Amino acid sequence: MLVLTRKLGQQFQVGGDIRVTIVKIDRNSVRIGIEAPDEVVIHRQEVADADRERIASFELDLEFAHEGA
């Protein structure tokens, strides 16, 4: 894992077409802005994890339904 130190207003690049800007810093949180092409999907990690769990549960339900048929 790459760990960077940035100050308010500073930026960094990810690849050639994604730019991350430090927008706001509070005591316990940092607000970032992400500029990326429309085709790049960006999710918070907890949202991505929940999506994966829903998909896995759905696939399990399909498997049980198929076995019962």
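Cut-off values and rules
- Residues numbered from 1 in each chain as written.
- Predicted model: local features only at pLDDT ≥ 70, side-chain atom pairs only at ≥ 80, totals over all residues.
- Heavy atoms only, no water.
- Helix = DSSP H or I, 4+ residues; strand = E, 2+ residues; numbered from the N terminus.
- Buried < 20%, exposed > 50% of the residue type's maximum accessible area, 1.4 Å probe, protein only.
- Contact = heavy atoms within 4.5 Å.
- Areas by Shrake-Rupley, 256 points an atom, 1.4 Å probe, with all protein chains shown as cover.
- Pairing = 2+ DSSP bridges.
- Axes fitted to C-alpha atoms, helices over the stretch in contact; angles between N-to-C directions.
- Patch = residues over 30% accessible without salt bridge, like charges linked within 9 Å, V, L, I, M, F, W, Y side chains within 5 Å.
- Salt bridge = Lys/Arg side-chain N within 4 Å of Asp/Glu carboxyl O.

J.: Could you clarify how one ought to interpret the overall build of the chain in this entry?
T.: The helix and strand inventory of the chain stands at 1 helix and 3 strands. Expressed as a percentage of its 69 residues, the buried residues of the chain come to 7%. Put simply, 2% of the contacts in the chain that link residues at least 6 apart link residues at least 24 apart. Summed over all atoms, the accessible surface of the chain reaches about 6,300 Å², with 54% contributed by carbon and sulfur.

J.: Looking at this structure, how should I read the environment of Pro37?
T.: Here Pro37 lies in the loop between β3 (30-35) and α1 (45-68). Sequence-wise, Pro37 and Arg19 are 18 residues apart; in three dimensions their C-alpha atoms are separated by 10.0 Å. Aside from chain neighbours lying at most four places away, what touches Pro37 is Asp17 and Ile18.

J.: Help me out: how do you make sense of the side chain of Thr21 in this one?
T.: With respect to the element layout, Thr21 can be found in strand β2 (residues 18-25). Taking relative accessible area as the criterion, Thr21 reaches 15% and is therefore assigned buried. With residues up to four places along the chain from it excluded, the contact list for Thr21 reads Gly9, Gln10, Gln11, Arg31, Ile32, Gly33 and Glu35.

J.: Got a minute to help me understand the sheet that holds β2 in this structure?
T.: Within a sheet, adjacent strands bond to each other through the backbone by hydrogen bonds, running parallel or antiparallel. The 3 strands are arranged β1-β2-β3 in an open sheet whose pairing can be described as antiparallel. The open sheet terminates on both sides in strands that have one partner only, identified here as β1 (11-14) and β3. Across the sheet, the mean angle from the axis of one strand to that of its neighbour is 30°, orientation sign disregarded.

J.: What should I look at first to understand a nonpolar patch on the surface in this one?
T.: Together, Leu8, Ile25, Val30, Ile32, Ile34 and Ile42 line one region of the surface with nonpolar side chains, adding up to about 540 Å² of accessible area. Per-element tally for the nonpolar patch: the top contributor is β3, with 3 residues. By the secondary structure assignment, Ile42 is in the loop between β3 and α1. The class of Ile42 is partly exposed, set by a relative accessible area of 44%.

J.: Looking at this model, I keep getting lost on the pairing of β1. Mind explaining?
T.: The side chains of a regular strand alternate between both faces of the sheet. Pairing of β1 with β2, which is carried by 4 bridges, proceeds in the antiparallel orientation. From the neighbouring strand, Gln13 faces β2, where its bridge partner is Arg19. Taken together, β1 and the strand that follows it, β2, pair antiparallel across an intervening segment of 3 residues, in which Gly15 is found at a positive phi of about 65°.

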